Amino acid sequence: MISYNQLLQFVTVVQNKSISKAAEKMFIAQPAISASIKKMENELNVQLFYYENKHLYLTEDGKNIYEIASDILLSYAKLE
């Protein structure tokens, strides 16, 4: 099962276009976020990102999951 923290980390990586920048913003070690993303990929059986010319891009599956994750986080924020 994918956790709230995994969704938050994933969305933060997408918004910052970097695992390292997301880690800095969230005050989490970069390897921890990388492991979280890898765990999500394994649980969902998809690839979320790919690298091209040292830049991080979302795959089509990643784009779809980003939309869903963003909606979930927004709904969660409304509950608070």
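Preceding block: the structure.
Below is a short write-up of the structure. (Residues numbered from 1 in each chain as written. Predicted model: local features only at pLDDT ≥ 70, side-chain atom pairs only at ≥ 80, totals over all residues. Heavy atoms only, no water.)

1. Section: the side chain of Thr12
Phase 1: Along the polypeptide, Thr12 turns up in helix H1 (residues 4-16).
Phase 2: Residue Thr12 is classed as buried on the basis of its relative accessible area, which comes to 8%.
Phase 3: Here Thr12 is in contact with Ala22, Lys25 and Met26, once residues within four sequence places are set aside. (Helix = DSSP H or I, 4+ residues; strand = E, 2+ residues; numbered from the N terminus. Buried < 20%, exposed > 50% of the residue type's maximum accessible area, 1.4 Å probe, protein only. Contact = heavy atoms within 4.5 Å.)

2. Focus: H1
Phase 1: In this model, H1 (13 residues) spans 18 Å end to end at C-alpha, consistent with the 18 Å of a helix rising 1.5 Å per residue.
Phase 2: The complete set of buried residues in H1 reads Gln6, Leu7, Gln9, Phe10, Val11, Thr12, Val13 and Val14.
Phase 3: Taken from the residues just after H1, Lys17 is the one with a positive phi, measuring 55 degrees. (Expected span 1.5 Å × (residues − 1).)

3. A look at the packing of H1 against helix H3 (residues 30-44)
Packed helices, taken two at a time, are described by their axes: the angle between them and the distance between them.
Phase 1: At a closest axis distance of 10 Å, the pairing of H1 and H3 adopts a crossing angle of 110 degrees. One finds that H1 runs roughly perpendicular with respect to H3. Across the interface between the two elements, Gln6, Leu7, Gln9, Phe10 and Val13 of H1 pack against Ala32, Ile33, Ser36, Ile37, Lys39, Met40 and Glu43 of H3.
Phase 2: Split by residue class, the contact of H1 with H3 holds 7 nonpolar, 3 polar and 2 charged. (Axes fitted to C-alpha atoms, helices over the stretch in contact; angles between N-to-C directions. Parallel < 35°, antiparallel > 145°, perpendicular 65-115°, else oblique. Nonpolar A, V, L, I, M, F, W, Y, C, P; charged D, E, K, R; others polar.)

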